[in-house]
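Here are the chains, one letter per residue:
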Amino acid sequence: MSSRTLPLLFINLGGEMLYILDQRLRAQNIPADKAKKVMNDIITTMFNKKFLEELFKPQELYSKKALRTVFDRLAHASIMRLNQASMDKLYDLMTMAFKYQVLLCPRPKDILLVSFNHMDAIKDFVKDTPSILSQVDETYRQLIEMYTPLSSGEFQLIRQTLLIFFQDMHIRVSIFLKDKVQNSNGRFVLPTSGPVPHGTQVPGLIRMFSCTGEEFTRLKFNNGGNYTTALREGSFDIFGDRVTKLGTNMYSVSRPVETHMSGTSKNSAQHTKVSAAPNPLAKEELNLLARLMGGLEVQKPGNADTGFRISLFATDEEEEEALISRPDELSCGVINIQATKDQQANAELAKIMGEFTESGDQSPSVSNKGDDLLAMMDGL
């Protein structure tokens, strides 16, 4: 497991979230000033300096529930509101889109180019707001400083860490199904054609060398695909052509997007429920959330900014049906965490975390304490 994976996971999922929200704000004809405020508020929060300082510290990936809580909070950082079914669908679309991009990366290092495509789009969202733009530019510099020196082996470890995180997620997405890049069981179809990774050659040739290093024979074989020579390498600078289209906005052409649970995902969810046990990283997850959430403030609409709700479904009936049909294990309500610097609150939080980490030695009846703990934090 790589300790450098979390910033890439967060930025790429955040980029996908912004693509989806931008598309829904347009589809529901939200006034331009309100839509811009929503995007600006979310991006400002997403690139908060203290938030990113914690995010870029080397650390293991945390649970899906902890990360989901961060994005629940992030999505509600402005005057826009999503109900539970829409938030579930938003998170499904985000995760499946990035999973597909990670699977299709020709080289592990290309995950950084995917991240830069997301960053380029985010920068375009706030191009008319210099104060937010400077925050985004600073994150570019941090990404370049942290990731460009890494070896191919370190990027491979990051890729494996991401795929392990996504391995039980098999949500069917209509765009992928229509494009025939996803099967009905929610698994992706990997291509056996197209350009080979940069720095490699089209497979199909075996060359044999003598002990002196001289080539003495060649054998050709059928590679089983329709491969072409590699494209030029994308730019790893702040400005430049990334070459790859992975990580760009697939919602730029308007078309409805639906998600469906596959049988595999339902079985995985049932298995997760049966095998649930106290998480040994629970205390660290809560420490992370307490630190991260301290920089994320959910805005309460005032008189000047009337709040509004957006939906990721065509009708209210579809939204209700999705909420009912989704397995409880894969659905998380919107959790508001009030993290504060107040000493008394921090002391109480530490006490709760201490009780939770000690619960592994108690009876099974308290083993689900972690499920309720994030909600309990709201009262601190």
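All values derive from a computational prediction rather than experimental measurement.

Chemist: Looking at this structure, how should I read the pattern of salt bridges?
Modeler: Side chains carrying opposite charge are able to pair once their charged atoms draw close together. Following the criterion strictly, the structure yields 14 salt bridges and no others. Of the charged contacts, one joins K57 and E54 as a salt bridge, the two residues approaching to 3.3 Å between their closest N and O atoms. Exposure remark for K57: the relative accessible area of 43% places this residue in the partly exposed category. D137 serves as the salt-bridge partner of K123, at 3.0 Å between the closest nitrogen and oxygen. One end of the pair, K123, is in helix α6 (residues 110-125); the other, D137, is in helix α7 (residues 130-147), with 14 residues separating them in the sequence.

Chemist: Looking at this structure, how should I read helix α4 (residues 64-75)?
Modeler: Compared with the 16 Å implied by 1.5 Å per residue over twelve residues, the 16 Å span of α4 between its first and last C-alpha is a close match. Within α4 the residues assigned to the buried category are A66, L67, R68, T69, V70, F71, D72, R73, L74 and A75.

Chemist: Would you explain the packing of α6 against α7 in this entry?
Modeler: For any two helices packed against each other, the geometry is given by the interaxial angle and the distance between the axes. At a minimum axis separation of 10 Å, α6 and α7 run at an interaxial angle of 170 degrees. As far as their axial angle goes, α7 and α6 are roughly antiparallel. Touching L112, F116, M119, D120, I122 and K123 of α6 are L133, V136, D137, T139, Y140, L143, I144 and Y147, all from α7. Classifying every residue of the contact of α6 with α7 gives ten nonpolar, one polar and three charged.

Chemist: Whenever I open this one, the side chain of T139 confuses me. Can you help?
Modeler: Assignment of secondary structure puts T139 in helix α7. Judged by relative accessible area, T139 falls into the buried class, the value being 0%. Leaving out residues up to four positions away in the same chain, T139 has contacts with I11, F47, L52, F56 and M119.

Chemist: Help me out: how do you make sense of the pairing of strand β5 (residues 215-220) in this one?
Modeler: The side chains of a regular strand alternate between both faces of the sheet. Where strand β4 (residues 205-209) lies against β5, five bridges are found, and the strand directions are antiparallel. Residue F209 lies in a different strand from β5, and its bridge partner there is E215. In textbook terms, the turn of a hairpin is the stretch between consecutive antiparallel strands, and for β4 and β5 this stretch comprises five residues, one of which, G213, has a positive phi near 95 degrees.

Chemist: What exactly am I supposed to notice about a nonpolar patch on the surface here?
Modeler: A surface patch of nonpolar side chains, amounting to about 460 Å² of accessible area, comprises I206, M208, F216, L219 and F221. Summarising the element assignment, I206 is placed in strand β4. Residue classification places I206 among the partly exposed positions, given a relative accessible area of 40%.

Chemist: Even after reading the chapter, I still don't get unusual backbone geometry, so can you show me in this structure?
Modeler: Of all residues except glycine, most have a negative phi; of all peptide bonds, most are trans. In this model, N29 sits at a positive phi of 55 degrees, which is unusual for a non-glycine residue. Following the sequence through the fold, N29 ends up in the loop between α1 (6-27) and α2 (32-46). Looking at N29, the relative accessible area reads 65%, which means it is exposed. One non-glycine residue, K180, lies in the positive phi region at around 60 degrees. Residue placement: K180 occurs in the loop between α9 (174-178) and β3 (193-195).

Chemist: Please clarify how the environment of V70 should be interpreted in this entry.
Modeler: Along the chain, the position of V70 falls in helix α4. The spacing of V70 and F10 is 60 residues in sequence and 9.4 Å in space, taken between C-alpha atoms.

Chemist: How should I be thinking about the packing of aromatic side chains in this particular structure?
Modeler: Think of a pair of aromatic rings as described by two things: how far the centres are apart, and how the planes are tilted against each other in angle. Summed over all chains, the structure comprises nine aromatic pairs. Here the aromatic cluster, defined as three or more aromatic residues joined through ring pairs, consists of F10, F51, F71 and Y91. Here K64 stacks its cationic end above the ring of F165, 5.0 Å away from the centre of that ring. Above the face of the F236 ring, K109 is positioned so that its terminal group lies 4.6 Å from the ring centre.

Chemist: Whenever I open this one, helix α5 (residues 84-104) confuses me. Can you help?
Modeler: A turn of α-helix holds 3.6 residues, and therefore any two residues three or four places apart point the same way. Taking 1.5 Å of rise per residue, the 21 residues of α5 would be expected to cover 30 Å, and the 30 Å separating its terminal C-alpha atoms lies within 8% of that figure. Burial analysis of α5 places 18 of its 21 residues in the buried class, which makes it a mostly covered element. With a side-chain oxygen positioned 3.3 Å from the backbone nitrogen of A85, the residue opening α5 is N83.

Chemist: Is there a simple way to think about the nonpolar core in this case?
Modeler: Here is a general trend for soluble globular proteins: nonpolar side chains tend to be buried in one another's company. In terms of nonpolar packing, the biggest core is built from 80 residues, with L90 and Y147 touching the most fellow members. Counting residues per element, this core draws most heavily on α1, which supplies twelve residues.

Chemist: What is the right way to look at the packing of α2 against α7 in this model?
Modeler: Remark: α2 packs on α7, axes separated minimally by 10 Å, with the N-to-C direction vectors making an angle of 40 degrees. In this view, α2 runs oblique relative to α7, as classed from their interaxial angle. Where α2 crosses over α7, the two elements pack in a sense that is left-handed. Where α2 approaches α7, its residues N40, I43 and T44 are matched on the opposing element by I132, Q135 and V136. In the contact of α2 with α7, the residues fall into three nonpolar, three polar and no charged.

Chemist: Looking at this structure, I do not really get the side chain of S235. What am I missing?
Modeler: With respect to the secondary-structure elements, S235 resides in the loop between β6 (226-228) and β7 (259-260). Using a relative accessible area of 16% as the deciding quantity, one classes S235 as buried. Of the polar contacts made by the side chain of S235, one reaches the backbone nitrogen of D237; its length is 3.2 Å. A polar side-chain atom of S235 sits 3.4 Å from the main-chain carbonyl oxygen of F239. Beyond its immediate sequence surroundings of up to four residues, S235 is in contact with L113, F116, G240, D241 and R242.

Reading the values: rules and limits
- Residues numbered from 1 in each chain as written.
- Predicted model: local features only at pLDDT ≥ 70, side-chain atom pairs only at ≥ 80, totals over all residues.
- Heavy atoms only, no water.
- Salt bridge = Lys/Arg side-chain N within 4 Å of Asp/Glu carboxyl O.
- Buried < 20%, exposed > 50% of the residue type's maximum accessible area, 1.4 Å probe, protein only.
- Helix = DSSP H or I, 4+ residues; strand = E, 2+ residues; numbered from the N terminus.
- Expected span 1.5 Å × (residues − 1).
- Axes fitted to C-alpha atoms, helices over the stretch in contact; angles between N-to-C directions.
- Parallel < 35°, antiparallel > 145°, perpendicular 65-115°, else oblique.
- Contact = heavy atoms within 4.5 Å.
- Nonpolar A, V, L, I, M, F, W, Y, C, P; charged D, E, K, R; others polar.
- Pairing = 2+ DSSP bridges.
- Patch = residues over 30% accessible without salt bridge, like charges linked within 9 Å, V, L, I, M, F, W, Y side chains within 5 Å.
- Areas by Shrake-Rupley, 256 points an atom, 1.4 Å probe, with all protein chains shown as cover.
- Phe/Tyr/Trp six-rings, centres within 6.5 Å; stacked < 30°, edge-to-face > 60°.
- Lys NZ or Arg CZ within 6 Å of the ring centre and 35° of its normal.
- Polar contact = N/O pair within 3.5 Å; in protein donor to acceptor, adjacent residues only side chain to side chain.
- Core = buried A, V, L, I, M, F, W, Y, C linked by side-chain atoms within 4.5 Å.
- Left-handed = near helix turned anticlockwise from the far one by under 90°.

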